[in-house]
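Here is what each chain is made of, one letter per residue.
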Amino acid sequence: MKVLVLGAGNVGRAVAWDLRDEFDVHVGDVSEERLKAVSEFATPSKVDAANFDELVEVMRGFELVIGALPGRFGYRSVRAAIRAGVDMVDVSFMPENPLELRDEAEKAGVTVIVDAGFAPGLSHILMGRIWQEMDELREGYIYVGGLPKEPKPPLYYRITWSPKDLIEEYTRPARVIRNWEVTTVDPFERIERVSIADFEFEAFISDGLRSLLESVRAERLEEWTLRWPGHLEKMKVLRELGFFKEEHVDKTLDVIAPLMTYESPDFSIMQVLGKGTLDGERKEIGYLLYDEERGGFTSMARVTGFTAAIIARLVAEQGCIFGVIPPEILGMRIDTFTRITEELGERGIKIERWENAPPGDS
């Protein structure tokens, strides 16, 4: 099968590497420098994702497309895939709602799995499994972070993905479910201390629930993003002073991005927790994931890119119901859930499950 990976950054490179032995993999990007980094295991092609007509024409030469572009290109890429009549798996955190394209995808006979990375993506798959295993989900919490193992002052964070998408996490109102209803909160309404495994983090509410707001019914549902202590208060001050406004953000990043660009192995951590009832009794189910940088890939590239690659295999082998499909549907089906989690385990990304008490709790 001829496959196109859109984006030759860290995530796109991981996707292409993972698929290299089973597919005829091509990688499209505007950067010749990034394309050189994938040329050993994929065919590089210069592709401008900002040109919609060009994107459609390029996609028509492939049987499957994996989108690994920044969020601002995501919706356009999905529309292009539908226009081209080609299946797509996309990891971009697009600001638009891709589910609005469901009817178009169904009419075109196209399968599109959106938010198919780490968070959103694997976070939704785990929450979908928890939701499926309960009679009623009362509370659901996703705690997720991609962090440097050796954080450096003054910001104690290392950028491993799109800097602009990072800033949007601090400025975009976060959608959550409270009292069974969808509501919007300021991401910095509360900064809390959170203990997970052997770590102490700061956490803020982030706008990562997306399709879960429609597909999962709960009394309370929230996503919290994790940072090392000392980071969030500084970002909150910068936001309050206006440095993250659209007209200033590029200059702000010119100053702060170098402070978050340094050598340090990264790690990814995720805890997904559900509290509810089963057969009339209280039930708590949780999943814990931990992964570190290895094999020439950052941990964030591994957990995002390898998840997308596994989902791409599912689409290539089995096909799905035509339309735009959110990742939690894959978690609700035990066969696809098992396939994804087992294959991640084979890549060294371990996911531990517990009931009623997290591992190590007394």
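Residues numbered from 1 in each chain as written. Predicted model: local features only at pLDDT ≥ 70, side-chain atom pairs only at ≥ 80, totals over all residues. Heavy atoms only, no water.

The chain has the name Saccharopine dehydrogenase in an unreviewed UniProt entry, where Thermococcus thioreducens is given as its organism.

(A) Structural view of the UniProt feature "domain: Saccharopine dehydrogenase NADP binding" (unreviewed entry) in the chain. In this numbering, the UniProt entry assigns the feature "domain: Saccharopine dehydrogenase NADP binding" (unreviewed entry) to residues 3–113. In this annotation, residues 3–113 is assigned 37% helix and 23% strand; the end-to-end C-alpha distance for the span is 15 Å. (UniProt positions renumbered as here; feature names shortened; annotations may be inferred. Helix = DSSP H or I, 4+ residues; strand = E, 2+ residues; numbered from the N terminus.)

(B) Representation of the domain arrangement of the chain in the model. Domain boundaries in the chain define domain 1 (2–114) and domain 2 (122–299 + 350–355). Each of domain 1 and domain 2 was reduced to a C-alpha centroid, and the two centroids are 25 Å apart. Counting from both sides, the interface comprises 14 residues of domain 1 and, opposite them, twelve residues of domain 2. Between domain 1 and domain 2 lies a buried interface of about 970 Å² when both sides are counted; carbon and sulfur atoms form 52% of it. Looking at the side of domain 1 facing domain 2, the largest losses of area belong to Asn10, Arg13 and Phe93, adding up to 48% of the total buried there. (Domains from an automatic or database assignment. Contact = heavy atoms within 4.5 Å. Buried area = accessible area lost by both parts, 1.4 Å probe.)

(C) Geometry of the nonpolar core. By size, the foremost hydrophobic cluster in this structure holds 63 residues, and its most contacted members are Val27, Ile66 and Ile340. The residue makeup of this core includes at least three contributed by each of domain 1 (2–114) and domain 2 (122–299 + 350–355). Contact partners of Val27, with chain neighbours within four places excluded, come to Leu4, Val5, Gly7, Ala8, Ala16, Leu35, Val38, Ala42, Thr43, Pro44 and Ser45. In terms of nonpolar packing, the next biggest core, distinct from the first, is built from 36 residues, Tyr143, Ile196, Ile205 and Leu226 among them. (Core = buried A, V, L, I, M, F, W, Y, C linked by side-chain atoms within 4.5 Å. Buried < 20%, exposed > 50% of the residue type's maximum accessible area, 1.4 Å probe, protein only.)

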